[in-house]
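Examining the three-dimensional arrangement
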Amino acid sequence: MPPSDSALDPGQIDRIRSLLAPTKRRERLWPVIAAAAFLAISALAFATAMIMAPPLISEHVAAERGAS
């Protein structure tokens, strides 16, 4: 049966198809940006802690230099 013999309105059919078509979901960037910012701040905090932390030496350096 050719489409011109149909009793349905083509405009309404197009409207129905557009309503039934799945909507395109946009990806949200805020969670990605927030995670990247959190990781960057964490990396800076750990780097600062490594620089500011005292060195891990078990024996006294001054005693070794005086004994030599």
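Residues numbered from 1 in each chain as written. Predicted model: local features only at pLDDT ≥ 70, side-chain atom pairs only at ≥ 80, totals over all residues. Heavy atoms only, no water.

This part is about the overall build of the chain. Within the chain one finds 3 helices and 0 strands. In the chain, the succession of α and β elements from N to C terminus is α-α-α. Per-residue burial for the chain yields a buried fraction of 1% across its 68 residues. Carbon together with sulfur atoms contributes 67% to the accessible area of the chain, which is approximately 7,100 Å² in total. (Helix = DSSP H or I, 4+ residues; strand = E, 2+ residues; numbered from the N terminus. Buried < 20%, exposed > 50% of the residue type's maximum accessible area, 1.4 Å probe, protein only. Areas by Shrake-Rupley, 256 points an atom, 1.4 Å probe, with all protein chains shown as cover.)

A surface patch of nonpolar side chains, amounting to about 400 Å² of accessible area, comprises L29, W30 and I33. Relative to the helices and strands, W30 resides in helix α2 (residues 30-52). (Patch = residues over 30% accessible without salt bridge, like charges linked within 9 Å, V, L, I, M, F, W, Y side chains within 5 Å. Salt bridge = Lys/Arg side-chain N within 4 Å of Asp/Glu carboxyl O.)

This next bit is on the side chain of S42. Mapping S42 onto the fold places it in helix α2. Here F38 takes part through its backbone oxygen, which lies 2.9 Å from a polar atom of the side chain of S42. (Polar contact = N/O pair within 3.5 Å; in protein donor to acceptor, adjacent residues only side chain to side chain.)

Bringing the confidence of the model for the chain into the picture now. When pLDDT drops low, the exact placement of atoms in the prediction is not to be read closely. Mean pLDDT over the chain works out to 83, with 78% of the residues at or above the 70 mark. Looking over the chain, one finds the lowest element-wise mean pLDDT in helix α3 (residues 61-67), namely 61, and the highest in α2, namely 96. (pLDDT = per-residue confidence, 0-100.)

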